[in-house]
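Here is how the chains run, residue by residue.
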Amino acid sequence: MSRADRIAALKTAANERILVLDGSWGVMIQRRELSEAEFRGARFADHPVQMKGNNDILCLTRPDVIADLHDQYFAAGADISETNTFSATTIAQEDYALSPQDVYDLNLEGARIARAVADEWTAKEPHKPRFVAGAIGPLNKMLSMSSDVNDPGARLVTFDQVYEAYRQQVRALNEGGVDLYLIETITDTLNCKAAIKAILDLADEGLEPLPIWISGTIVDRSGRTLSGQTAEAFWHSVRHAKPFAVGFNCALGGELMRPFIAELARVADTLVAAYPNAGLPNAMGQYDEQPHETAHFIEEWAKSGLVNIVGGCCGTTPEHIRHVAEEVAGVTPRAIPERPTAMRLSGLEPFELVA
């Protein structure tokens, strides 16, 4: 199946049913209790910086582990699995002293691993094709907020640097065979806009265009992203990209995330996606919400007509995804609303002027 055929199949599937994304990668990798030597592999055996904890590097050093996790999530009922490239930019990987070539290879191999497993599942179950989302995560440096409390204008990176980092990642993911891009866990909308620009510019330059899924993060009950935007303002800031889907993930569990998903469902004239954490972390940083509990919240969203794509974030396992997939099976996906023509702007708050 060509990539064009896969994208067409993805859009068809999204019209017919609620799609299911995979769950947490971090929790599953932690359960492997891999050693420093396993993180390093032969390629980084003499690397000067500790590698343990750099989960993305496993695409190069333990591809068997990454392939197995894709396999587990597809077996649990996921339609879409993310590449293991959440922190695979030159900026984020500076903490591990990786070279630009290392980072490119990491994204390329992460996409290839996911592609191979997805194709195996599609061959086994052609009635339920599997898809690969190229994971483009947040950076450890923000464009919208100062890095120095005493200097509001201080920044650790420029827009051009963030743009170039995302541009490299996007190119490698595309070459590796992903079906769509997932800009996720967005805390800073300006960083996100740099990623969007990188994607759109590369398409203008001849790189095969792919659907874009944009997923922000509401950090607490205030209903705002870390850079201060409300759900509707966030949507106004990114809607120019004409994304395949928009939504929220991480930070909150299903119970607390619901009002913000409902707000996006009201205003977004595209698919709405949501993948919450397994509740809030306990005092030890662990997630106690059981698979049936997470699925219960998501089932209610689905039956209320709020979502088109669901899945899990921090603390969720293949068992969580299995329960979610079972609960949304057969539920009609959210109908995309027709929105009146208007001028829509945003700062921290949305502004709409209807003609």
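Please refer to the structure higher up on the page.
Just so you know, these numbers come straight off a predicted model, no measurement behind them. (Residues numbered from 1 in each chain as written. Predicted model: local features only at pLDDT ≥ 70, side-chain atom pairs only at ≥ 80, totals over all residues. Heavy atoms only, no water.)

**Q** Got a sec to walk through the overall build of the protein? Specific residues and values, please.
**A** Of regular secondary structure, the protein possesses 12 helices and 10 strands. Against the compact-globule benchmark of 20 Å for 355 residues, the protein has a radius of gyration of 19 Å, which places it among compact chains. Projected onto its principal axes, the C-alpha coordinates of the protein cover approximately 60 × 55 × 50 Å. Taking all 355 residues of the protein together, the buried fraction comes to 57%. For the protein, the share of sequence-separated contacts (at least 6 apart) that also reach a separation of at least 24 residues comes to 77%. Total accessible area computed for the protein in this model is approximately 14,500 Å², and 52% of it derives from carbon and sulfur atoms. Separation between the mean location of the 32 positive side-chain charges and that of the 49 negative ones in the protein comes to 4 Å. (Helix = DSSP H or I, 4+ residues; strand = E, 2+ residues; numbered from the N terminus. Rg over C-alpha atoms; globule rule 2.2 N^0.38 Å. Buried < 20%, exposed > 50% of the residue type's maximum accessible area, 1.4 Å probe, protein only. Contact = heavy atoms within 4.5 Å. Areas by Shrake-Rupley, 256 points an atom, 1.4 Å probe, with all protein chains shown as cover. Lys, Arg positive; Asp, Glu negative; His and termini not counted. Charge placed at Lys NZ, Arg CZ, Asp CG, Glu CD.)

**Q** Before we move on, can you summarise the packing of aromatic side chains with the specific residues and values?
**A** Here the structure, examined in full by the defined rule, presents three aromatic pairs. Seen from their ring centres, Trp-25 and Tyr-73 are 6.4 Å apart, and the 40 degrees between their planes marks the pair as tilted. Here Trp-25, found in the loop between β1 (19–20) and α2 (26–32), pairs with Tyr-73, found in helix α5 (residues 63–75); they are 48 residues apart in sequence, far enough to count as distant. Take Trp-25: its relative accessible area is 10%, and that puts it in the buried class. Under the relative-accessibility criterion, Tyr-73 is labelled buried at 0%. Arranged with centres 5.9 Å apart and planes meeting at 75 degrees, the rings of Trp-213 and Tyr-275 form a pair that is edge-to-face. Remark: Tyr-275 occurs in strand β7 (residues 271–277) and Trp-213 occurs in strand β5 (residues 212–216); sequence separation between them is 62 residues. Tyr-275 matches Trp-213 in its accessibility class, with the two residues each being buried. (Phe/Tyr/Trp six-rings, centres within 6.5 Å; stacked < 30°, edge-to-face > 60°.)

**Q** Give a detailed account of the pairing of β7, specifying residues and quantitative values.
**A** The buried fraction of β7 amounts to seven of the seven residues, a majority that puts the element mostly inside the structure. Where strand β6 (residues 245–253) lies against β7, six bridges are found, and the strand directions are parallel. Residue pairing across strands places Gly-253 opposite Asn-277, the latter belonging to β7. Read from β6 through helix α10 (residues 254–267) to β7, the crossover connection turns out right-handed. Where β7 meets strand β8 (residues 309–310), two bridges bridge the pair, whose relative direction is parallel. Across the sheet, the residue bridging to Ala-274 is Val-310, located in β8. In this fold, β7 hands off to helix α11 (residues 291–303), which returns the chain to β8; that crossover is right-handed. (Pairing = 2+ DSSP bridges. Right-handed = clockwise from strand over helix to strand, strands pointing away.)

**Q** Please provide a residue-by-residue account of the nonpolar core, values included.
**A** Core analysis: the biggest nonpolar cluster contains 91 residues, and Tyr-181, Ile-183, Ile-214, Phe-248 and Val-307 have the highest contact counts within it. It is helix α6 (residues 100–124) that provides the largest number of residues to this core, a total of eight residues. Once residues within four sequence positions are removed from consideration, Tyr-181 is found in contact with Gly-134, Ile-136, Val-170, Asn-174, Ile-199, Leu-207, Glu-208, Leu-210, Pro-211, Ile-212 and Trp-213. Ranked by size, the runner-up nonpolar core spans 19 residues in total, among them Leu-10, Ala-13, Leu-19 and Phe-244. (Core = buried A, V, L, I, M, F, W, Y, C linked by side-chain atoms within 4.5 Å.)

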